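One letter stands for each residue in the lines below.
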Amino acid sequence: MTQIAIFPIPDCVTFPGTVFPLHVFEPRYRQMINHCLETGMPVAICHTQKEISPAKSGLPLKEALQTNQATYRPYTVFSAGQCELIKQLDDGRLVVDVHIDQRYSLGQSLQQIPYSVYECQPMADREMTEDELSEAIELVDKVRHRVLAMVQGDSRAANKLSDILNQEEWLTKSPQAFSFELFGLIRFDAHYLQQALEMESAVERLRFTLDLMNR
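Residues numbered from 1 in each chain as written. Predicted model: local features only at pLDDT ≥ 70, side-chain atom pairs only at ≥ 80, totals over all residues. Heavy atoms only, no water.

J.: Break down the packing of aromatic side chains for me, with residues and values.
T.: Per the stated rule, a full pass over the model turns up six aromatic pairs. The interplanar angle of 20° and the centroid separation of 4.2 Å between the aromatic rings of Phe7 and Tyr29 together place this pair among those described as stacked. Taken together, the residues Phe7 in strand β1 (residues 2–8) and Tyr29 in helix α1 (residues 27–39) connect sequence positions 22 residues apart. Each member of the pair, Phe7 as well as Tyr29, carries the same accessibility label: buried. Between Phe15 and Phe183, the ring centres sit 4.5 Å apart and the planes meet at 25°, which makes this aromatic pair stacked. (Phe/Tyr/Trp six-rings, centres within 6.5 Å; stacked < 30°, edge-to-face > 60°. Helix = DSSP H or I, 4+ residues; strand = E, 2+ residues; numbered from the N terminus. Buried < 20%, exposed > 50% of the residue type's maximum accessible area, 1.4 Å probe, protein only.)

See the structure below:
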C-alpha cells in the first residue's frame, strides 16, 4: 500500500507515463503540494464522481487565494506520481508538473482535513495471452494510423503528431505503455477516459480506443 495525496479535478483523467501540468492556488492544495515536495508523497490527479460542496462564486483573486473552493468525491481508480516544482509565484501560487507513473485503486482514508490522504493499492494489468499480445501489437499500428487520419485536415496538428508518433521512442513502446501514454496526445470525454483507465489490459484499452476513434 502507498500513501497518496488526492487532488480531485473534474474531467481530469491521468495515465501512467504522462506529465500533468498543475496550477495550484487553493490554500489546502498549496499546503498539500508543499508537503508532497518535501516528503516525496505521490499526488493523484483524478476525475470526480460528484461535487460534495460548491465553491463560492465571484471571488476576486486575492480572496480566492485565501479560500478553499469546491469539494469533490474522487473516482476510486486514478493515477499518481511525483511533483516537480516549476515556479512559485509572488502571491503563493504554485506551478508544478506531476510525473504520472502508476495507477492505483483507492483504499482506506488516513486524512480528510485540510486535504485527503489515502492508503492506495497499485493496480497492475493482468497478463495477456500470446494471442492477445499479438492482437495488441497489431492494434498499436492501427491506432497510430487512425490518429494521423483524424487530423489530416489540420496540417499543423498532423505534422506535430506524425513527428511524435514516428520517433524511435514511440515506435518501440510496449502495447501497455502505448495504450496509456497515447492519452497524453489525444483527448476524449472524461467518461470514456475513466473507462479506459479502469480496463485491465492493454488489448482492452487499444480495442476501446480504436472503437472511439471510429465512431
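J.: So, the pairing of strand β2 (residues 19–24): which residues are in play, and what are the values?
T.: Of the two faces of β2, the one lined by Phe20, Leu22 and Val24 is fully buried and the one lined by Val19, Pro21 and His23 carries no buried residue. For β2 and strand β7 (residues 94–111), the ladder comprises six bridges, and the chain directions are antiparallel. The residue bridging His23 from the neighbouring strand is Val95, located in β7. (Pairing = 2+ DSSP bridges.)

J.: Any details on the pairing of strand β8 (residues 117–122)? Residues and values, ideally.
T.: Relative to β8, β1 runs antiparallel, the two sharing four bridges. Paired with Gln3 across the bridge in β8 is Glu119. Where β7 lies against β8, five bridges are found, and the strand directions are antiparallel. Residue pairing across strands places Ser105 opposite Gln121, the latter belonging to β8. Taken together, β7 and the strand that follows it, β8, pair antiparallel across an intervening segment of five residues.

J.: Describe the side chain of Ser201, with residues and values.
T.: By the element assignment, Ser201 lies in the loop between α7 (190–198) and α8 (202–214). Ser201 gets classed as buried once you look at its relative accessible area, which sits at 0%. Other than its neighbours up to four places away in sequence, Ser201 contacts Asp125, Arg126 and Met128. (Contact = heavy atoms within 4.5 Å.)

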